[in-house]
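Below are the chains, spelled out letter by letter.
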Amino acid sequence: MTADNTTLARFIANYQSEREGAALYREMAAHEPHAELAELYVRLARVEETHAEFWRRRIVTAGGQPPIRLGWRTHILLWATRRFGAQAVLPLVASDEARNRTIYDHQQEAGVDMARQERSHARILSMLASPSHRGWDGPAYSRLEGRHGAGAANNLRAMVLGANDGLVSTFCLLMGVAGAAVNPHTLLATAVAGSLAGACSMAMGEWISVQSARELQEKQIASEAEELAASPAEEQEELSLIYQAKGFTQDEAQQIAQRVIHDPASALDTLAREELGINPDDLGGSAMGAATASFLVFLLGAMIPALPMFLAPSSAIVTASAVCSALGLFALGAAIAIFTGKHPLLSGARQLLIGLAAASVTFAIGHVFGVGLGG
């Protein structure tokens, strides 16, 4: 039996990819200090070797010759593994698995099991390579240490940045209109319209972002439910690998996975959390709540350049807006330093200079257009 050149080339590419993956996993296992993780790499290598043997037989049957040498990139990664350890090459290997996770989805010869195994490998490697996993128990350590900005700190940071967006965009808009030398009533109307338009735009963008994320997560959970119903044994094995990656021994991981998989609802909840990194009870929060918060925070920042214009005399509204905006820029820049670790004075001054430079540009553009229209 012979195959056409395109099919044979595909078989050879599959074989080479699986063989190189197995070689990398073997080398990573040999240079991984954690025994449980090393065993996980060995098991991944065995699966890749099984896939490679499948494609080798296909190549021979089709009248081809399986390649003998590994690729130059694989040789470099093997050297890096020996020199720096498995963790050094893990992100690159995880990236390769992510690119190849759907490689067998439309290859009939591979079958359903091989395609699912590739997706499973991609998810496991992605979890191992994530920053939260590094340090063996990164998330727990971060919670105990209390220095890596969990929920409340992240919310506060988002509020500061949202207010900064409202301040800078409104300030630049008003300075651009002021540069055109329009009358005070038009400038006041611009302040109101610009603040509300920006706040609405931010709210809509936040709603779309959160809602899209929720819908994507719901689709992922539904897909996981289908896989769980179709092949519970495979999902049990996948759970076992995940628990081994978390530090459990192989026997412990298999026992836990076996108990979890017997309750479909509990199994789906666990797979969503451990495999997909999704909290089924939350799904990223409320889209409407996020939109409302975004609207209010942006509006709060926009009030810094806009509100003084309604309190100052007509002849001083531009000056009042510029002075209050400058103070607000410095204050927000100093607040951002809380999250960056920079000196508050330096961070505030940097924010002030950038904001004033942007406002100066819009003022100059507005002045050019104003003169042109007036002429």
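Throughout this description, residue numbers start from 1 for each chain and increase along the sequence as written. Local features in this predicted model are restricted to residues whose pLDDT is 70 or higher, and side-chain atom pairs enter the listing and the counts only when it is 80 or higher, whereas totals over whole chains, interfaces and linings include all residues. Side-chain numbers here rest on the full set of heavy atoms in the structure, without hydrogens or water.

Colleague: Before we go on, may I ask you to explain the pattern of salt bridges in this structure?
Modeller: Two side chains with opposite charge may pair up if their charged atoms get near one another. Salt bridges are defined as contacts in which a side-chain nitrogen from Lys or Arg sits within 4 Å of a carboxyl oxygen from Asp or Glu. With the rule as written, the count across this model stands at 9 salt bridges. The shortest N-O distance in the salt bridge between Arg-56 and Glu-53 comes to 2.9 Å. Taken as a pair, Arg-56 and Glu-53 lie in helix 2 (residues 35-61) at a separation of 3 residues, close to a single helical turn. With a 1.4 Å probe rolled over the protein chains alone, any residue whose accessible area is under 20% of its type maximum counts as buried; one over 50% counts as exposed, and the rest are partly exposed. On the basis of relative accessibility, which here comes to 31%, the residue Glu-53 falls in the partly exposed class. Taking the shortest distance from any N to any O, the salt bridge between Arg-99 and Asp-96 comes out at 2.2 Å. One end of the pair is Arg-99 and the other is Asp-96, both in helix 4 (residues 86-99) and 3 residues apart, which spans about a single turn. In this structure, a network of salt bridges that share partners links the residues Glu-53, Arg-56 and Arg-57. In this description a helix means any DSSP run of H or I spanning at least four residues, a strand means any run of E spanning at least two, and both kinds are numbered starting from the N terminus.

Colleague: Looking at this model, I keep getting lost on the layout of surface pockets. Mind explaining?
Modeller: Remark: the empty space left among the atoms is shown by a probe the size of a water molecule rolled over them. One number sums up the size of the second largest pocket: a volume of about 390 Å³. Around the second largest pocket sit 21 residues that line it, and Ser-17, Glu-20, Gly-21, Asp-96 and Asn-100 are the ones nearest its centre. Contributing elements (two or more residues each) for the lining of the second largest pocket: helix 1 (5-30), helix 3 (72-84) and helix 4. The biggest single contributor to the lining of the second largest pocket is helix 1, with 7 residues. Residue composition of the lining of the second largest pocket, by class: 7 nonpolar, 6 polar and 8 charged. Note on definitions: the grid is 1 Å and covers protein atoms alone; a cavity is a set of points where a 1.4 Å probe fits but cannot get out; a pocket is an open set with protein on both sides within 12 Å along at least five of seven lines; lining residues have an atom within 4 Å of a point. Grid points are joined across faces, edges and corners, and a volume is the space filled by probe spheres set on the points. Residues are grouped as follows: Ala, Val, Leu, Ile, Met, Phe, Trp, Tyr, Cys and Pro are nonpolar; Asp, Glu, Lys and Arg are charged; every other residue, Gly included, is polar.

Colleague: How should I be thinking about the packing of aromatic side chains in this particular structure?
Modeller: Pairs were defined over the aromatic rings of Phe, Tyr and Trp, the Trp ring being its six-membered one, requiring ring centres within 6.5 Å. Orientation was assigned from the angle between planes: stacked under 30 degrees, edge-to-face over 60, tilted for the rest. Applying the stated rule across the entire model yields 5 aromatic pairs. Here the aromatic rings of Trp-79 and Phe-84 are separated by 5.8 Å at their centres, their planes lie at 85 degrees, and the arrangement is edge-to-face. Owing to a relative accessible area of 47%, Trp-79 belongs among the partly exposed residues under this scheme. A residue is classified by how much of its surface remains accessible, and Phe-84, at 53% relative accessible area, is exposed. Through pairs of rings, three or more aromatic residues link up here, namely Phe-11, Phe-54, Trp-55 and Tyr-104.

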